[in-house]
Amino acid sequence: QMSNSSSITEFILLMFTDTRELQLLHFWLFLGIYLAALLGNGLIIITVVCDQHLHTPMYFFLLNLSLVDLGSITTTLPKSMANSLWNTRAICYTGCAAQVFLVVFLASAEYCLLTIMAYDRYVAICKPLHYGTLLGSRACVHMAAAAWASGFLYALLHTANTFSLPLCKGNAVDQFFCEIPQILKLSCSDTYLREVWFLVVSFLVVFSCFVFIFFSYVQIFRVVLRIPSDQGQHKAFSMCLPHLVVVSLFVSTVIFSHLKPTSISSPSLDLVVSVLYSVVPPAVNPLIYSMRNQELKDSV
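Because the structure is predicted, anything quoted here is derived from the model rather than measured.

1. Observations regarding the packing of aromatic side chains
At step 1: Counted under the stated rule, the structure contains 15 aromatic pairs.
At step 2: An angle of 85° between the planes, with centres 5.4 Å apart, marks the rings of Phe-101 and Phe-152 as edge-to-face. Separated by 51 residues along the polypeptide, Phe-101 in helix 3 (residues 93–126) and Phe-152 in helix 5 (residues 137–163) bring together distant segments of the chain.
At step 3: According to the relative accessible area criterion, Phe-101 is buried, its value standing at 17%.

What follows is the structure, given as structure tokens:
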């Protein structure tokens, strides 16, 4: 038992398993996923930077998304892999705070970018004649900067809010990385109101972006279904489907992990769900984007 947060120098993370062989299996499995994510996102970044043909708003935002994905998977996986390899569970106090900040920062930046990408698809398909004026290079840079800045401020707010609470219920975090709901469980003050505030603010942000994405796609599909040629429809769908799949994957896993009923909550289920939303999207996104995209494949 700890008296207050000032005496906590480290947190104890949840291990996937206590068996040494399975720990090593977990290490190799995560290493494989991590290298795949590095390779996929790294290839997209290098290709978009080096190929003049890809210097368009769509690929500029994809480049930003790949940077976010690289950051988010690097925030959680290497530490977990190191813990499995050395058979330890500890993470230092500042390391934990940094993880909380980066997880929130990169997740919110990713969501903002996905919202901007929906707007990009909407303009490209519904207002093609205005594409150059609405999405000029300066506008794109401003939008991307706004996504990164809002993620940064949002994370700063929530990290400061979480770590200003006195923690007295030990230092064991029921997760393989530090995240806000798990830290709040360790607080001895009445965190109920703060947690509600955190959820309400997050829900409003997520919901407003989701409504924007949803209505963008309603407009897009209305236009696409009026395209007379099958080839034109196919091209429009192949532009939009990857983005739609990525948004669905990201939103559904995050919502399920934070709003699932407590009756089905257990440490092992929480662990699986957290892997779904923190590990799977960064590793799978490059694949989803490049599979339907001939231009990107040719450039790579």
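Picking up where we left off.
2. So, the pattern of salt bridges
At step 1: In the structure shown here, the tally under the stated rule is one salt bridge.
At step 2: In this structure, Asp-120 engages Arg-121 in a salt bridge whose closest nitrogen and oxygen atoms are separated by 2.4 Å. The same class applies to Asp-120 and to Arg-121, which are both buried.

3. Considerations on the side chain of Glu-179
At step 1: Relative to the elements of secondary structure, Glu-179 occurs in the loop between helix 5 and helix 6 (180–184).
At step 2: Within the local environment of Glu-179, its side chain forms a polar contact with the side chain of Gln-175, the two groups lying 3.2 Å apart.

4. What to know about the nonpolar core
At step 1: Counting residues in hydrophobic clusters, the biggest one holds 64 residues, and the most contacted among them are Phe-11, Phe-61, Leu-62, Leu-114 and Ile-183.
At step 2: Among the secondary structure elements, those contributing two or more residues to this core are helix 1 (20–50), helix 2 (57–86), helix 3, helix 5, helix 6, helix 7 (192–224), helix 8 (230–259) and helix 10 (280–291).
At step 3: A per-element tally of this core places helix 3 first, with 18 residues.
At step 4: Discounting residues that sit within four places of it in the chain, Leu-114 has contacts with Leu-65, Ile-213, His-243, Val-246, Val-247, Phe-250 and Tyr-289.
At step 5: In this structure, Phe-27, Ile-73, Phe-176 and Val-275 belong to the second largest nonpolar core, which totals 15 residues.

5. Observations concerning the state of the cysteines
At step 1: Inspection of every chain in the model, using the stated rule, returns one disulfide.
At step 2: Between the sulfur of Cys-96 and that of Cys-178 lies a disulfide, 2.0 Å long from S to S. The chirality of the disulfide connecting Cys-96 with Cys-178 is left-handed, given an S-S dihedral of about -115°. Placement of Cys-96 in helix 3 and of Cys-178 in the loop between helix 5 and helix 6 is noted, with a sequence separation of 82 residues between them.
At step 3: Cys-112 takes part in no disulfide bond, and the closest cysteine sulfur to it belongs to Cys-209, at a distance of 5.5 Å.
At step 4: Among the residues examined, Cys-112 registers a relative accessible area of 18% and is labelled buried.

6. Quick look at a nonpolar patch on the surface
At step 1: Taken together, the side chains of Leu-199, Phe-203, Phe-207, Ile-255 and Leu-259 present a nonpolar region at the surface, about 470 Å² in accessible area.
At step 2: Among the secondary structure elements, those contributing two or more residues to the nonpolar patch are helix 7 and helix 8.
At step 3: Of the residues forming the nonpolar patch, the biggest block, three residues, is contributed by helix 7.
At step 4: Tracing the sequence through the fold places Phe-207 in helix 7.

Definitions and limits used
- Residues numbered from 1 in each chain as written.
- Predicted model: local features only at pLDDT ≥ 70, side-chain atom pairs only at ≥ 80, totals over all residues.
- Heavy atoms only, no water.
- Phe/Tyr/Trp six-rings, centres within 6.5 Å; stacked < 30°, edge-to-face > 60°.
- Helix = DSSP H or I, 4+ residues; strand = E, 2+ residues; numbered from the N terminus.
- Buried < 20%, exposed > 50% of the residue type's maximum accessible area, 1.4 Å probe, protein only.
- Salt bridge = Lys/Arg side-chain N within 4 Å of Asp/Glu carboxyl O.
- Polar contact = N/O pair within 3.5 Å; in protein donor to acceptor, adjacent residues only side chain to side chain.
- Core = buried A, V, L, I, M, F, W, Y, C linked by side-chain atoms within 4.5 Å.
- Contact = heavy atoms within 4.5 Å.
- Disulfide = S-S within 2.5 Å.
- Patch = residues over 30% accessible without salt bridge, like charges linked within 9 Å, V, L, I, M, F, W, Y side chains within 5 Å.
- Areas by Shrake-Rupley, 256 points an atom, 1.4 Å probe, with all protein chains shown as cover.

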